[in-house]
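So you can see what is in the structure, the chains are spelled out below.
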Amino acid sequence: MGRDATVTVNGRTYRFPDAPVVVVCIDGSEPDYMEEAVASGQMPWLKSMLPRGADLRADCVVPSFTNPNNLSIVTGQPPEVHGICGNFFYDPAKGEEVMMNDPAYLRAPTIFSAFQQLGAKIAVVTAKDKLRRLLGNGLEMKPGEAVCFSAEKADETSVAGNGIDGVVDLVGKPVPSVYSADLSEFVFAAGVKLMDSMRPDLMYLSTTDYVQHKHAPGSEGANSFYRMMDSYFIQLDAAGAVIVLTADHGMNAKHKADGSPNVLYLQSALDEFLGEGVARTILPITDPYVVHHGALGSYATVYLPAGADVTEVAAQIEGLEGVEQVLTREAAAQTFELPSDRIGELVVVTEKTRAVGTSPDRHDLSGLEVPLRSHGGVSEQRVPLVVNRHVAGIEGRRLRNFDAFDIALNHVAAGASAAAE
Ligand SMILES: [Zn+2]
């Protein structure tokens, strides 16, 4: 494939890369994490790279949750195009609350599947298995050409399902616990091995925010995690890759001075306003891995029965302490670029220091070993967009995390290998 080739997918056109492109989605990477780690000397590669690279910031998608943003990054579009607006949603047709990790809910092809059709080699590694099928959707798995697997299920890979077998031997590390920093390290270790063995044209590495939910920027727990990542970035950089570091969302403390979670229990409030169970509060942060956040984020959507006075209920919610925004379905769909058929009559965003829950009895907080840090709101929308190359031609644009592949493929100086400088 020549350097003049382009790939158009979801209304955007991308140049075929000259050098491998690696987009890293550092889950929950509030910009402060890297800033603090660089300032205190924890990320020597990143510090030395920045003067020859681009240290940008971008806005993620709201709800600032993992799945909507990972899918935005790999499709280049917001949820109104790809359809994934939470980890979890209420399907009114079925009358059920369901996980949205099935590719059946995906409404757009990924950049990877479009590039594979033009002969590009693709490698996708995610920490948690919940994302694997969404990220790998449409890829024809083939050894050395297209691989997609999770660190969590690295010992269950197959050529047919993942395009690769024997991942644990390749990486030379055991499969880590799903609640560990090691799960993310496995992703980077695999990325470095794959860069060496298959040299993909496009690589996507997606971590977990286990560390960020527990540790504030600048703390030793956070710094050691960023130090670990830096030691892999330098290897990918040395291999000549164009690297973009971004995040699915930021992360903020959402607890009181005594360390207990600072929560607005929205379902309880609605039960008081409207009667028990009349409204249905959905928290799209909910997923099978709730131990570190207790399903408490800063975003909720509310379903109301036919004939309910939406404006009146919105006004009642606005009066609750800790509420930042209440939007009708139409306003939320427009403001946050969401699929209107997958959100309720109202969308509620809470303030930076406040989480939103349903009712106290429906949140198991026993797994919260440290004061709550979480995400989901507008206050976690700012994320890093750091590139190991000079970037040109983006002046005046509102940058989004889902511009990562556009920046890497269309806006870095052609042929400017960092390793050659
Ligand atoms: Zn996340």
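In the block above lies the structure referred to throughout.
Residues numbered from 1 in each chain as written. Predicted model: local features only at pLDDT ≥ 70, side-chain atom pairs only at ≥ 80, totals over all residues. Heavy atoms only, no water.

1. Considering the coordination of the zinc ion
Worth spelling out the cut-off: Each metal's donors are the N, O and S atoms within 2.8 Å of it, or within 3.2 Å when it is Na, K or Ca, and because water is not part of the set, sites may look incomplete. Just to be clear on the cut-offs, tetrahedral is four donors with all angles between 85 and 135 degrees, square planar is four donors and octahedral six with opposite donors over 155 degrees apart and all others between 65 and 115, and anything else goes down as irregular. Numbering of helices and strands runs from the N terminus, with a helix taken as a DSSP run of H or I at least four residues long and a strand as a DSSP run of E at least two residues long. In this scheme, a residue with accessible area under 20% of its type's maximum is buried, one over 50% is exposed, and one in between is partly exposed, where area comes from a 1.4 Å probe on protein chains only.
Within the protein, the atoms that donate to the zinc ion are D27 (OD), T66 (OG1), D248 (OD) and H249 (NE2), at distances of 1.9 to 2.2 Å. Its 4 donor atoms give the zinc ion angles of 94 to 137° at the centre, a pattern that matches the irregular case. All donor residues of the zinc ion come from one chain, and their arrangement in sequence is D-x38-T-x181-D-H. On the criterion of sequence distance, the pair formed by D27 in the loop between β3 (21-25) and α1 (31-39) and T66 in helix α3 (residues 66-75) is long-range, its members being 39 residues apart. What makes D27 buried here is its relative accessible area of 3%.

2. Considerations on a nonpolar patch on the surface
Inclusion rule: Patch building starts from residues that exceed 30% relative accessible area and form no salt bridge, then joins like charges within 9 Å and nonpolar side chains (Val, Leu, Ile, Met, Phe, Trp, Tyr) within 5 Å. The method behind every accessible area is Shrake-Rupley, applied with a 1.4 Å probe, and residues are considered shielded solely by the protein chains displayed. What counts as a salt bridge is simple: a side-chain nitrogen of Lys or Arg found within 4 Å of a carboxyl oxygen of Asp or Glu.
Residues F273, L274 and V278 make up a contiguous nonpolar surface patch of roughly 200 Å² in combined accessible area. You can see L274 is positioned in helix α12 (residues 266-274).

3. Some words on the pattern of salt bridges
This model, assessed by the stated rule, comprises 22 salt bridges. Connected via shared salt-bridge partners are R12, R397, D403 and D406.

4. Considering the nonpolar core
We apply this condition: The set of buried Ala, Val, Leu, Ile, Met, Phe, Trp, Tyr and Cys residues whose side-chain atoms join them within 4.5 Å is what this entry labels a nonpolar core. In this description, contact between two residues means that some pair of their heavy atoms is separated by no more than 4.5 Å.
By size, the foremost hydrophobic cluster in this structure holds 83 residues, and its most contacted members are F112, F115, L202, Y204, L266, I317 and F405. Looking at this core element by element, the count peaks at 5 residues for helix α15 (residues 404-410). Excluding its chain neighbours within four sequence positions, the residues that come into contact with I317 are L266, L270, F273, V323, V326, L346 and V348. A37, V147, V167 and M228 belong to the second largest nonpolar core, which has 49 residues in total.

5. Thoughts on the sheet that holds strand β14 (residues 299-303)
Basically, it comes down to this: When DSSP finds two or more bridges between two strands, those strands count as paired. Fitted lines through C-alpha atoms give the axes, limited to the stretch in contact for helices. The angle between two N-to-C directions lies from 0 to 180 degrees.
Reading across the sheet, the 4 strands line up as β13-β14-β16-β15 and stay open at both edges, with antiparallel pairing between neighbours. On the outer flanks of this sheet lie β13 (280-282) and β15 (323-328), each paired with one strand and no other. Looking at each pair of strands side by side, their axes are set apart by 25° on average, direction ignored. Bridge analysis of β13 against β14 gives 3 bridges, and the strand direction is antiparallel. Along β14, the bridge assignment pairs T281 with V302. Its contacts with the sheet place α12 against β13, β14 and β16 (346-350), and it is angled at close to 165° to β13.

6. Considerations on the side chain of H82
Keep this limit in mind: Residues adjacent in sequence count toward polar contacts only when both atoms are side-chain atoms; beyond that, a polar contact is any pair of N or O atoms within 3.5 Å, and within protein one must be able to donate a hydrogen and the other to accept it.
Structurally, H82 is set in helix α4 (residues 79-82). Among the residues examined, H82 registers a relative accessible area of 0% and is labelled buried. In terms of polar contacts, H82 uses its side chain to reach the backbone carbonyl oxygen of P68, at 3.3 Å. Polar contacts involving the side chain of H82 include one to the side chain of S72, which spans 2.9 Å.

7. Focus: the pairing of strand β1 (residues 6-9)
Burial along β1 is one-sided: the face carrying V7 and V9 is buried and the face carrying T6 and T8 is not. Where β1 and strand β2 (residues 12-15) come together, 4 bridges link them in antiparallel fashion. Directly across from T6, in β2, lies its bridge partner R15.

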